[in-house]
Amino acid sequence: MTNKELANLIFPNITKTIEDYEKMYPERNIDVGAKVVRFAPSPTGFMHIGNFMSAVINYCLAKSSKGVFFLRNEDTDQARTVEGAVDFIYHILDFYNIMPDEYEYKGKIVGNYGPYIQSERIEIYHAFVKHLIEIGRAYPCFLTKEELEEIREYQTKSKKRIGIYGKYAKSRNLTLDEAAERIKKGEKFVIRFKSEGDFNKKFVFEDLTQGKIEFPENDLDIPIMKSGDLLPTYHFAHLVDDHLMHTTHVVRGNEWLSSVPLHYELFKTFGFKMPKYIHTSLILKKDGDVIRKISKRKDPEALMFYYEEKGYPTIAVIDAVLTIANSNYEEWRTNNPDKPFYEFPFSPKKMSVSGALFDLDKLDNISKNYISKMSAPDLYQEYLNWALKNDKHIYEIISKEKSNTIKFLNIEREVKKPRKDYENYSSIFNKSWYMYDEEFNKKLDYHFGKINDKKEILNIMNNYLDSIYDFNDSQDEWFNKIKEYAKKLNYADMKEYKENPDSYKGNIADFTTVIRVVLTTLDMTPNLYDIMQILGSDRMLKRLEIFKNSY
Ligand code: GLU
């Protein structure tokens, strides 16, 4: 039996060769320097912030170099596939407006280098595995689960390196005839790569983020094709796909760094050019005094659901992620406030090697800034869109009260230093509910300060609302009237009050607090003049009645 015959025995129906595939997927017609990058998630869980960071970096690299960004669905671990994970990936990419140029979704293939779903590429992988068997660089391995377990136990106990190499690679020594016979008998097998590396020899690899790293050569005979579903392992699919799809830069998590020696040998064996690698740092979180890896289980912000539910502007989330991805992003953003993020010249060298600390306070600040710069009608529209998907109650209220909501959102907005009240859309209602009668009437929990005597409050309010407040007054006129009236009722301005606190009932701030609390129940709100203009006399008089009956 020859290698070729063994290969035919295992893959009788695979007729296409590597050369055929090379022809089917020729070099891409792109500019020199254009980067071909991919986002290659496994649908074994819902998209998390680390995946998102990879996607955003890839998008930047492709757009800023006029390259190609494609999505490859790495679904080779079928047992661990999570329902809805793929839909969620596409939803997020669409939501953040970072859709790939090439992808395959719901039966639609966009791009000439597909299929873009690994389980649909099985014949391609098989052609490459077959080739390796033909040249004697792959072999069927019949080690059973139990045998593998035994080897692992032995290696662990005797502090040996874990894995199938050297004397542990038992099936490697079978003759071709022996192997063929066992296959014919129907024994289960996987296909393993036949490594020629020497663990005692070193080679230098250059990662674009981590710099030069010295690795020992690979000597592991790793499985490249699984038994059962006959799908490839990640390592082999990486080789085949990134070769045929002409990936120039692989952006992937740090956890793959230790697999580099293996990938290096695989590419070398086929004589393929290796892509460049950007191994991204882990995303860390400060938890009390410790800094630890962000955790899907413990930290809601680890999953991409969080940001949408909270209603962060998409650009704020992208900025926050790029801020931790590249140390100079923040400065670039300050100097280029209106540029799209993907014009940022992302530099792998400026990625932290030790880990990227993701901080929700930072995101809040970035987001507050963006929200403060939106026009009130634009913000209203975003808020409404958010509410439609996330909070029907708020949606109903703000739809009914569109004009007042916009007016409220506009308070202290069209000024040089606008208010930075809102870190996301979900926080708006908590800071504006009192503007809506329905909500106001539910709470009626008054927060008066120094002046909290009902009689005195009514003394101030009755006259003020009835005969002093005038909707047509400017803010200055309004305030002058308040001051004058306050004086009459023995409330001093701040200076006088400080000099002689005992001769007055209170100061002007105590006085306006009374008005504010009767009208909103709160002692702190944005500009009271604006709030009163929005509420209008009828509503304010009604609120005074409510106060009379409920305080
Ligand atoms: N499917 C791999 C993962 O989700 C992708 C790694 C890569 O980008 O190559 O970890």
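Quantities reported herein were computed from a predicted structural model and do not represent experimental measurements.

### Some thoughts on a negative patch on the surface
- Taken together, the side chains of Glu5, Asp177, Glu178 and Glu181 make up a negatively charged region of the molecular surface.
- With 3 residues, the top contributor of residues to the negative patch is helix H7 (residues 176–184).
- Among the secondary structure elements, Glu5 is positioned in helix H1 (residues 3–10).

### Some remarks on the packing of helix H14 (residues 376–390) against helix H15 (residues 392–400)
- Taken N-terminus to C-terminus, the directions of H14 and H15 make an angle of 140 degrees; their axes are 7 Å apart at the nearest point. Judged on the interaxial angle alone, H15 and H14 are oblique. For H14 against H15, the interelement crossing comes out left-handed. Contacts from Tyr380, Tyr383, Leu384, Trp386, Ala387, Leu388 and Asn390 in H14 reach Lys392, Ile394, Tyr395, Ile398 and Ser399 in H15.

### Side note on the pairing of strand E11 (residues 276–280)
- E11 sits mainly inside the fold: 4 of its 5 residues count as buried.
- Where strand E10 (residues 249–253) lies against E11, 5 bridges are found, and the strand directions are parallel. From the neighbouring strand, Val250 faces E11, where its bridge partner is Tyr277.
- In the classification by handedness, the crossover that spans E10, the intervening helix H9 (residues 260–270) and the parallel E11 is right-handed.

### Looking at the nonpolar core
- Core analysis: the biggest nonpolar cluster contains 59 residues, and Tyr383, Met461, Tyr464, Phe511, Ile515 and Met532 have the highest contact counts within it.
- For this core, the elements supplying multiple residues, two or more each, are H14, H15, helix H16 (402–409), helix H18 (454–468), helix H19 (475–488), helix H21 (508–520) and helix H22 (528–550).
- No other element matches H22, which puts 9 residues into this core.
- Grouped together as the second largest cluster of nonpolar side chains are 51 residues, Ile10, Tyr25, Met245 and Phe270 included.

### Observations regarding helix H11 (residues 314–325)
- Over its 12 residues, H11 extends 17 Å from the first C-alpha to the last, a length consistent with the 16 Å expected when each residue adds 1.5 Å.
- Burial runs high along H11: 10 of the 12 residues are buried.
- Listed in full, the buried residues belonging to H11 are Ala316, Val317, Ile318, Asp319, Ala320, Val321, Leu322, Thr323, Ile324 and Ala325.
- Looking at the buried residues of H11, the elements they touch are helix H3 (49–64), strand E12 (283–287), helix H10 (305–310), helix H12 (329–335), strand E14 (356–357) and helix H13 (360–373).

Cut-off values and rules
Residues numbered from 1 in each chain as written. Predicted model: local features only at pLDDT ≥ 70, side-chain atom pairs only at ≥ 80, totals over all residues. Heavy atoms only, no water. Patch = residues over 30% accessible without salt bridge, like charges linked within 9 Å, V, L, I, M, F, W, Y side chains within 5 Å. Areas by Shrake-Rupley, 256 points an atom, 1.4 Å probe, with all protein chains shown as cover. Salt bridge = Lys/Arg side-chain N within 4 Å of Asp/Glu carboxyl O. Lys, Arg positive; Asp, Glu negative; His and termini not counted. Charge placed at Lys NZ, Arg CZ, Asp CG, Glu CD. Helix = DSSP H or I, 4+ residues; strand = E, 2+ residues; numbered from the N terminus. Axes fitted to C-alpha atoms, helices over the stretch in contact; angles between N-to-C directions. Parallel < 35°, antiparallel > 145°, perpendicular 65-115°, else oblique. Left-handed = near helix turned anticlockwise from the far one by under 90°. Contact = heavy atoms within 4.5 Å. Buried < 20%, exposed > 50% of the residue type's maximum accessible area, 1.4 Å probe, protein only. Pairing = 2+ DSSP bridges. Right-handed = clockwise from strand over helix to strand, strands pointing away. Core = buried A, V, L, I, M, F, W, Y, C linked by side-chain atoms within 4.5 Å. Expected span 1.5 Å × (residues − 1).

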